[in-house]
Every structure is written in structure tokens, then in C-alpha cells.
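Okay, here's what each chain looks like letter by letter:
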Amino acid sequence: MLEFMTILIIKTLVAFTVSLLIVAYSTWIERKVLGHVQLRHGPRRVGFHGLLQPIADGIKGFFKEELIPDNADKPLFLLAPIISIGAAVTLIVIVPFGDKITIMGHEITLYLTDLDVGILFVLGISTIGSYGGILGGWSSGNKYGVIGGLRGSAQMISYELSLALAVIAVVMVSGSLSLIDIVNSQTGLWNIVKQPFAFVLFIICGLAELNRTPFDMPEAEAELACGFNVEYSSMKFALFFMAEYCHMFVFAALVTTLFLGGWHGPFIDGPHWFFLKCFVIIFFCVWERSTFPRLRYDQVMSFGWKILLPFGLLNILLTGLWMLIFNM
Amino acid sequence: MELVFLLICGGVAVIASLLVIFARSTLHSALWMVLSFFMVAIIYVLLHAQFLAMLQVIVYAGAIMMFIVYAIMMLNLRQEAKSKVATRISKVVGVGALIVLFLELTLIGVSHNMATIQGPVTDKLVATYGRVAVISNFLFSDYLLPFEVASILLTAGVVGAVVLAKREK
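Rules of the game
Residues numbered from 1 in each chain as written. Chains lettered and ligands numbered in written order. Predicted model: local features only at pLDDT ≥ 70, side-chain atom pairs only at ≥ 80, totals over all residues. Heavy atoms only, no water. 1 Å grid on protein atoms, 1.4 Å probe; cavity = no way out; pocket = protein on both sides within 12 Å on 5 of 7 lines; lining within 4 Å. Points joined across faces, edges and corners; volume = space filled by probe spheres on them. Helix = DSSP H or I, 4+ residues; strand = E, 2+ residues; numbered from the N terminus. Nonpolar A, V, L, I, M, F, W, Y, C, P; charged D, E, K, R; others polar. Phe/Tyr/Trp six-rings, centres within 6.5 Å; stacked < 30°, edge-to-face > 60°. Lys NZ or Arg CZ within 6 Å of the ring centre and 35° of its normal. pLDDT = per-residue confidence, 0-100.

## As for empty space enclosed by the protein
Residues and elements named next belong to chain A. Evaluated as defined, the whole model comprises 2 cavities of 30 Å³ or more. Reported here for the largest cavity is a volume of approximately 530 Å³. Around the largest cavity, the lining comprises 31 residues; the ones closest to its centre are Ser 126, Met 156, Glu 209, Leu 210 and His 247. The set of elements that each furnish at least two residues to the lining of the largest cavity consists of helix H4 (118–139), helix H5 (143–174), helix H8 (196–209) and helix H10 (234–258). For the lining of the largest cavity, the leading source of residues is H4, giving 8 residues. Tallied by class, residues from the lining of the largest cavity come to 17 nonpolar, 11 polar and 3 charged. Estimates place the volume of the second largest cavity at around 40 Å³. In terms of residue class, the lining of the second largest cavity is built from 4 nonpolar, 2 polar and 1 charged.

Structure follows, in C-alpha cells:
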């Protein structure tokens, strides 16, 4: 029992440290890649090629002045960043980094837990997390904030549906809701080959759920002056920021797990493949941000409901037919 | 251990449900309701019904409450409007209904022995197929008709809501 607890605690600490380091350094990747795409250098001053920039940003966040607007709904204003970061960090629990390994005679699994309903857990907790941004916008008593929050909740409702439809198609071919089983079912052939349409659907809806650029309605800088987090300063703002990048890491991990075969790869299976694929997806997120302009709000809504949703339903229907005909 | 968790979650759920009624701001009411749903989901986990718990979080605490929060923000209901609905008769009827419901539940609790109730989802089936598979097997074989009837009812409800909303134009 004691041994089990020790292993569990060490595993949790390592998993969370590694994940949060990736989260911190994905801000560095974002600034660096965006800089080079726009023919700038990005951060360079702090450390070698700005490598210490995320740490400097964190320290700066702590020392900044904290402001709470007079007409803010104070308890909700304080609660909103907590919900955001809490839900985002909770999601790390189910990320499957790798399979079992043996260290000093102990068999250790490279994931914290194998939930029976893993993928549903992700969907549920990420919805709870999106309350953070919405409440933050509402409670700050700022009209830009309220509009940002409103847009956030409408977008969440619309795209969550199509995201779930993409996931259902994957669950159909894998035959399980558990993320570990889904990875194991892709030993020979990755799901991106079996479910190319679901992959595209998942990427689009995932970007919308992440509020990333073609879909960053809640914080459209040019229209809403940063939207839901406009009144937040110092560490509270940093928490929102961290939650966003944490979601990006979880999204990358999910794409890797659901479609790109998780820790499987040529030569030796292992966590190195997982991290490599994750970085490719994170790079993709930054790349598309610097490529696409922001969509108009009504276009985002009609695209979600009139194109993605029927497309997702059709994909499930075709997958079902395929499985019926070829008796899989 | 389980009992302690059950008491904490149940207690928080009851208090949160009361606060839904008593909170002054409409949005706060909605959020207490989210907390209450979430606590009920944890109780489902304690009953080893993870699938139901996750659906509770996704459908109720997530989607439905998100819609309600959206409506509250859209209509900008910052403070509760002075309610004129609560007349004397409705208060009397409400308290009466509460007492009847409470008595009914206590009566059922006392007269039936909950521990002996057997459902189709048994430990043995769960051990062989896994929880989700057992539920879906029953849902799509033995309980197919009720399941389909319920989905038709829900679809009819959606269509009805659209018709009602369109009529005003």
C-alpha cells in the first residue's frame, strides 16, 4: 500500500511538472513562431533565444498591481480564473503519455488513471472549464467583457456538439471510451486513416473550443479589446492565460491519442512519440493562427450549425454503414 | 469512507439547491444549480455509475446550464425582478406539495428495503463487459422501445419549441 502510494505520488508530481512545463514553453513556442512568421525575432533578451521568457513572465505576473473594478460581481470575479485553471489542470489526469514500463522491478504505467469513460470525462470537464471565461466576462461589469462572455457561451454550445460527434465516430471504430483502449486499438493502423473526416471535424471544432484564431470570438482584440479578460490584471490574467495554453496541450494530447496512435510509432513505441506528435499539433495551432484571419461572428455560428453538425452526423452514419457492410 | 463522501456531497447538493431559490442574483442561482448537478454526479460515481455521472456533467451541468447562463446574460438579468407570482394560494399549495412529497419519500424509504433491490446491471456482467458496454447492451436490446419512444418525445419537444418561437412573428 505504502509502495503503491509513493509510486502514485511521484507519478502525479512528474506528470504535472512535465505538463505544466510544456504549457509554459508553448507560450514561448507561440511567440517565437509567430515572430518568425511575421519576419520578427520574437523574445530574445531573457536567456538564450528568450528561453527564460516564460519564467520571467510568471514572476512579472506576481508583482503586478491587482485591480478589481467597482461594479464587478466580486465573488464571481475571483472565482472565474480558479474555475478556468482548475478544470484545465484536472484534464492532465487522463493524458496517456505512454504504456507500461519497468523501473527497478516495479511495473509503472505512464498514465495517471485509465478511466472507463475517459473521453467523456474530457468533454465534461472542459465544458465546466469554459464557465470560467464566461463568468469572468460577465462579472467584470464591462460591456466588452459581457459581449465576450456571451459569444464564448454561444460558441461553446454550438461547437461542443460537433466535437462530440467526431469523438463518437472514433469510439465506434475503437470500441471503447477509455483513452488507453483507444490507443491500443491503433497498433497497426492509426485512426487518422480510418476516420479522416472525423479528424478534420475534430481539429476544426477543437480550435473553436480553444478559442484560437479563426474562432477567437470571445476575445477578438480588434472588436472587443480582449473580450472576457479585459478587466483582469496581474496573476488572475496569467491564470486565464495558463488555462488557455493548458487546454491547448490537452487538445494536442487528445488529437495524438484519438487519431495519431498515441505512443505508437515506427521503431520503438514509447512516450517520445507521444511528445513529438504533441509538439507537431501545438506547432500547427500556432501556424494556423498566423495564417488565418478571424471569421465574422455570424459566419462562425452558421458554419457550426449548418455545415459541421450535418457533416458530423453523416460521418457517423457512413461509419456505421461501413462497419455493418464489412462486418468489423 | 464512502459514507463520509456521500454525506458531504449530498449536504452540499441540498444546500446548493436551497441557494438556487434564495440567491438574490439570477446568475448566482444558475451557478448554485451547476454546483448541485455536479454534486449529484459525484454521488453517481460513488454508486459506481461513472457513465451516468459523466452524462450528468456533460448534459446537465454543461449543456443545459450553459444555455440558461446564456439566456440570463442575453436578457441582462442582473438583479432579480420583484416577483409578483407568489400569491398566498400558491404559497399554501407549494408548502402542501412539499410536505406530501417529503412524506411520500420517507414512506418509500421506510417500507422498502433498498439493499435487496436487483437491477439488470449486476457486478458479474460489469466485470465481464465493462460498465458502458453493459448499459448500451441493455439500452439497444431489452429497452430499445422505451429508448426510441423517449427520443421521439424529445424530438417532438424540440419541434414544438421551434413552432412556438416562430409563431410570434
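## Section: the packing of aromatic side chains
Residue and element names in this part refer to chain A. Overall, the coordinates contain 16 aromatic pairs over all chains when judged by the stated rule. Aromatic pair Phe 284 and Trp 287: ring centres 6.3 Å apart, planes at 85 degrees, arrangement edge-to-face. Placement of both Phe 284 and Trp 287 in helix H11 (residues 271–291) is noted, with a separation of 3 residues, approximately one turn of the helix. Through successive ring pairs, a cluster of aromatic residues spans Phe 199, Phe 202, Phe 251 and Phe 259. Cation over ring: Arg 151 sits above Tyr 297, and NZ or CZ is 5.0 Å from the ring centre.

## Here's the deal with the confidence of the model for chain A
Mean pLDDT over chain A: 83, with 97% of residues reaching 70 or higher. Summarising per-element confidence for chain A, the mean pLDDT is lowest in helix H9 (residues 221–224) of chain A (68) and highest in H8(A) (89).

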